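# Tertiary structure, described
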Amino acid sequence: MLENYHIILASNSPRRRQLLSGLDLDFEVKVLPDIEENYPDHLKTQDIPVYIATEKAAAYQDLMAEHDLIITADTVVVLGDEVLGKPVDAEDAKRMLRALSGKTHQVITGVCLMTRQRRRSFAVTTDVTFKDLKEEEITYYVEKYQPMDKAGAYGIQEWIGYIGVTSLNGSYFNVMGLPVQRIYNELKVF
């Protein structure tokens, strides 16, 4: 279905590479340096990751060949009205995990699929519930796993996910950073 496209995953994330490779697609990873991940203050939380994924894709527009298909993504963790991005340091990571402890939050991944002729953007939301995390569990995880490159300061596929996540409603792979089932369905009709 996609033999006419040269698929490019525009992400440094090893998790996104792993997940996209699970679809048995041939793709190349190409990342432009210094793409900003800012968004306007007026956006609703559910619109933020789609906006950022679309902006990331737009950075490639002038560099695309005729048969390139770019895939970009951005993931945010939302607790109430607060967007938890990537922590700036270990203390910020601990603060985020304390906030998530004993609560349900949303993980929203925005995705943009773009060729020179077409663009399709969408978001997938998953509800994740954590048990009450003990301070020593939070400290252990942050010190051992250094989750500074992860929205919400955690990776569900790591130790904290094993011991802390009590329920999940939606796509597990979305929480890892790429809703591959939805991407597969979108690519089939792209």
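Just above, that's the structure.
Residues numbered from 1 in each chain as written. Predicted model: local features only at pLDDT ≥ 70, side-chain atom pairs only at ≥ 80, totals over all residues. Heavy atoms only, no water.

### What to know about the pattern of salt bridges
Rule in force here: We count a salt bridge whenever a side-chain nitrogen from Lys or Arg sits within 4 Å of a carboxyl oxygen from Asp or Glu. Strands here mean DSSP runs of E at least two residues long; helices mean DSSP runs of H or I at least four residues long; both are numbered from the N terminus. Remark: exposure states derive from per-residue accessible area (1.4 Å probe, protein chains only) relative to the maximum for the residue type, with buried under 20%, exposed over 50%, and partly exposed in between.
One pass over the structure, following the stated rule, counts 13 salt bridges. Where Arg 15 meets Asp 149, a salt bridge forms, and the shortest distance between an N and an O atom there is 3.7 Å. Here Asp 149 lies in the loop between α4 (135-145) and α5 (159-164) and Arg 15 lies in helix α1 (residues 14-21), a separation of 134 residues in the sequence. Given the relative accessible area of 38%, Asp 149 is considered partly exposed. For Arg 120, the salt bridge is made with Glu 186, and the minimal N-O distance between the two is 2.9 Å. Of this pair, Arg 120 sits in strand β6 (residues 119-130) while Glu 186 sits in helix α7 (residues 180-189); the two residues are 66 residues apart in sequence, bridging distant segments of the chain. The exposure class assigned to Glu 186 is buried, which follows from its relative accessible area of 10%.

### Examining α7
This is how the line gets drawn: Each direction from the helix axis to a C-beta atom contributes to the arc, which is the arc of those directions. By definition in these notes, contact holds between two residues if any of their heavy atoms fall within 4.5 Å.
Those residues of α7 that fall on the buried side of the exposure criterion are Val 180, Ile 183, Glu 186 and Leu 187. Seen along its axis, α7 keeps its buried residues to an arc of 120°; they face one direction. Of the exposed residues in α7, those oriented more than 90 degrees away from the buried face are Gln 181 and Val 189. The secondary structure elements touched by the buried residues of α7 are α1, β3 (68-79), β5 (104-114), β6 and α6 (172-176).

### Thoughts on the nonpolar core
What counts here: Among buried residues, those of type Ala, Val, Leu, Ile, Met, Phe, Trp, Tyr and Cys that are joined through side-chain atoms within 4.5 Å constitute a nonpolar core.
Counting 40 residues, the largest nonpolar core has Ile 71, Leu 97, Leu 100 and Tyr 154 as the members making the most contacts within it. In terms of residues, this core owes the most to one element, β3, which gives five residues. With sequence-adjacent residues up to four places away left out, Tyr 154 is seen in contact with Val 77, Leu 97, Leu 100, His 105, Val 107, Val 128, Phe 130, Tyr 141, Pro 147, Ile 160 and Val 175. One finds Ile 8, Ala 57, Tyr 60 and Ile 70 within the second-largest nonpolar core, a separate group that totals nine residues.

### Considerations on unusual backbone geometry
The phi dihedral of Asp 24 is positive, around 60°, even though this residue is not glycine. Inspection of the secondary structure assignment puts Asp 24 in the loop between α1 and β2 (27-29). Among the residues examined, Asp 24 registers a relative accessible area of 73% and is labelled exposed. Within the chain, Asp 34 stands out as a residue other than glycine whose phi angle is a positive 60°. Tracing the sequence through the fold places Asp 34 in the loop between β2 and α2 (48-58).

### Side note on the packing of helix α3 (residues 90-100) against α4
Heads up, the rule is: Note on definitions: angles span 0 to 180 degrees between N-to-C directions of axes, and those axes are lines fitted to C-alpha atoms, for helices only across the stretch in contact. Angles are sorted into four bins: roughly parallel if under 35 degrees, roughly antiparallel if over 145, roughly perpendicular if 65 to 115, and oblique for all others. Crossing handedness is read from the near helix: turned anticlockwise from the far helix by less than a right angle, it gives a left-handed crossing, and turned clockwise, a right-handed one. Polar here means any residue outside two lists: the nonpolar Ala, Val, Leu, Ile, Met, Phe, Trp, Tyr, Cys and Pro, and the charged Asp, Glu, Lys and Arg; Gly therefore counts as polar.
Packing of α3 against α4 brings their axes to within 10 Å, and their N-to-C directions diverge by 140°. Taken as axis vectors, α3 and α4 run oblique relative to one another. With respect to the hand of their crossing, α3 and α4 are arranged in right-handed fashion. Residues Ala 90, Ala 93, Lys 94, Leu 97 and Arg 98 of α3 lie in contact with α4, whose contacting residues are Glu 135, Ile 138, Thr 139, Tyr 141, Val 142 and Glu 143. Here the contact of α3 with α4 is built from residues that sort into six nonpolar, one polar and four charged.

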